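Structure assessment
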Amino acid sequence: MRLLPWGPGDLLRRLDDVLSVYGAAMGYSPELLATRRGYIAAHAHRQGFRAVASVTDEGTLAGFGYGYLSGPGQWWHDQICAALPRPDRIWLADCFELVELHVHPAAQGNGLGRTQLRALLEAAPGRTVLLSTPEADEATSRAWRLYRGFDFVDVLRGFRFPGDERAFGVLGRPLPLPSRV
Ligand SMILES: CC(C)(COP(=O)(O)OP(=O)(O)OC[C@H]1O[C@@H](n2cnc3c(N)ncnc32)[C@H](O)[C@@H]1OP(=O)(O)O)[C@@H](O)C(=O)NCCC(=O)NCCS
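Here goes a summary of the coordinates provided. Keep in mind that this is a model prediction, so the values were computed, not measured.

To continue, consider the pattern of salt bridges. Under the definition given, this model contains 11 salt bridges. For Glu135, the salt bridge identified is with Arg157, shortest N-O distance 2.7 Å. Residue Glu135 is located in the loop between strand S5 (128-134) and helix H6 (142-149), and its partner Arg157 is located in strand S6 (residues 153-159); the two are separated by 22 residues in the primary sequence. A relative accessible area of 26% places Glu135 in the partly exposed class. For Arg157, a relative accessible area of 37% corresponds to the partly exposed category. Of the charged contacts in the structure, one is a salt bridge between Asp154 and Arg148, with a shortest N-O distance of 2.6 Å. In this structure Arg148 comes out as partly exposed when scored by relative accessible area, which is 24%.

Listed below in structure tokens is the structure:
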């Protein structure tokens, strides 16, 4: 297994594989994935874009993650900004949004998520990183254990994005990452 830094062109070239891993990891239907295709392609061109991929020796995509600098006018940024009490909006002042981080279910639980997250955060611009993840049992959810292991703290809990029935936790931590994490 190799961990590769990806530029925008790499993500776009392997968009089918990215959507396949994303769909398998999140349990999303092909119909929902089709609606995400254009968004993900557009994200690759955003300022501060950083991406990593876990690729097997045979070239199969096992996982990926990406993010970019969060800014006004971006849907996610504006939703979070509106929900935060004014003093807490400092989180968004120079912020890397970790947009997606997924490992194919067949490869989960082997440290790939942790390796991808570390590489992304080491490459990320900005003074903070924020992400949203579906609310889950912190003790048993791989995602929550992963983020807590990197010292992410609660920024918003039980947050609901328009058009999504699920509740989300919005988590953040300062950047850069200390070498001990
Ligand atoms: C979340 C995700 C990226 C983590 O990647 P991963 O390669 O499976 O996870 P890792 O092997 O790096 O382990 C991450 C944490 O999960 C824990 N973990 C591993 N197997 C586990 C299991 N069976 N049950 C509970 N926790 C487990 C690890 O111990 C680690 O926590 P720790 O640091 O406290 O030990 C991946 O599981 C995934 O894509 N999940 C589905 C999609 C998702 O939730 N994406 C992120 C939210 S948007």
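Back to the text.
Another aspect to go through is unusual backbone geometry. Pro176 follows Leu175 through a cis peptide bond whose omega is 5°. Here Pro176 is to be found in the segment after strand S7 (168-174). Backbone geometry at Asp151 places phi at a positive 65°, although glycine is not the residue there. Among the secondary structure elements, Asp151 is positioned in the loop between H6 and S6.

Using the criterion set out here, one finds six aromatic pairs in the structure. Ring geometry for Tyr147 versus Phe152: centroids 5.6 Å apart, planes at 65°, classification edge-to-face. Its relative accessible area of 6% is what places Tyr147 among the buried residues. Residue Phe152 is classed as buried on the basis of its relative accessible area, which comes to 2%. Every member of this aromatic cluster is reached through a ring pair, and the members are Trp75, Phe159, Phe161 and Phe168.

Turning to the site of the ligand, a few remarks are in order. Around the ligand, the structure places 19 residues, and the nearest of them are Val103, Gly109, Gly111, Gly113 and Arg114. A distance of 2.6 Å separates an oxygen atom of the ligand from a polar backbone atom of Gly111. Protein burial of the ligand: of its 930 Å² of free accessible surface, 78% is covered by the chains. Counting residues per element, the ones that place at least two in the shell around the ligand are helix H2 (15-26), strand S4 (95-103), helix H5 (112-123) and H6. Top contributing element to the shell around the ligand by residue count: H6, with five residues. Considered class by class, the residues forming the shell around the ligand number eight nonpolar, eight polar and three charged.

Further remarks concern H2. In a regular helix each residue adds 1.5 Å, so 12 residues correspond to 16 Å; H2 covers 16 Å between its end C-alpha atoms and thus fits that length. All of the buried residues along H2 are Leu15, Val18, Leu19, Val21, Tyr22 and Gly23. Here the buried face of H2 lies against strand S1 (2-6), helix H1 (8-13), helix H3 (30-43), strand S3 (61-69) and S4. One or two positions beyond H2, positive phi appears at Gly27, with a value near 70°.

Cut-offs used in this document
Residues numbered from 1 in each chain as written. Predicted model: local features only at pLDDT ≥ 70, side-chain atom pairs only at ≥ 80, totals over all residues. Heavy atoms only, no water. Salt bridge = Lys/Arg side-chain N within 4 Å of Asp/Glu carboxyl O. Helix = DSSP H or I, 4+ residues; strand = E, 2+ residues; numbered from the N terminus. Buried < 20%, exposed > 50% of the residue type's maximum accessible area, 1.4 Å probe, protein only. Phe/Tyr/Trp six-rings, centres within 6.5 Å; stacked < 30°, edge-to-face > 60°. Near = heavy atom within 4 Å. Polar contact = N/O pair within 3.5 Å; in protein donor to acceptor, adjacent residues only side chain to side chain. Areas by Shrake-Rupley, 256 points an atom, 1.4 Å probe, with all protein chains shown as cover. Nonpolar A, V, L, I, M, F, W, Y, C, P; charged D, E, K, R; others polar. Expected span 1.5 Å × (residues − 1). Contact = heavy atoms within 4.5 Å.

Take it as geometry only, folks, not as evidence of what the structure does.
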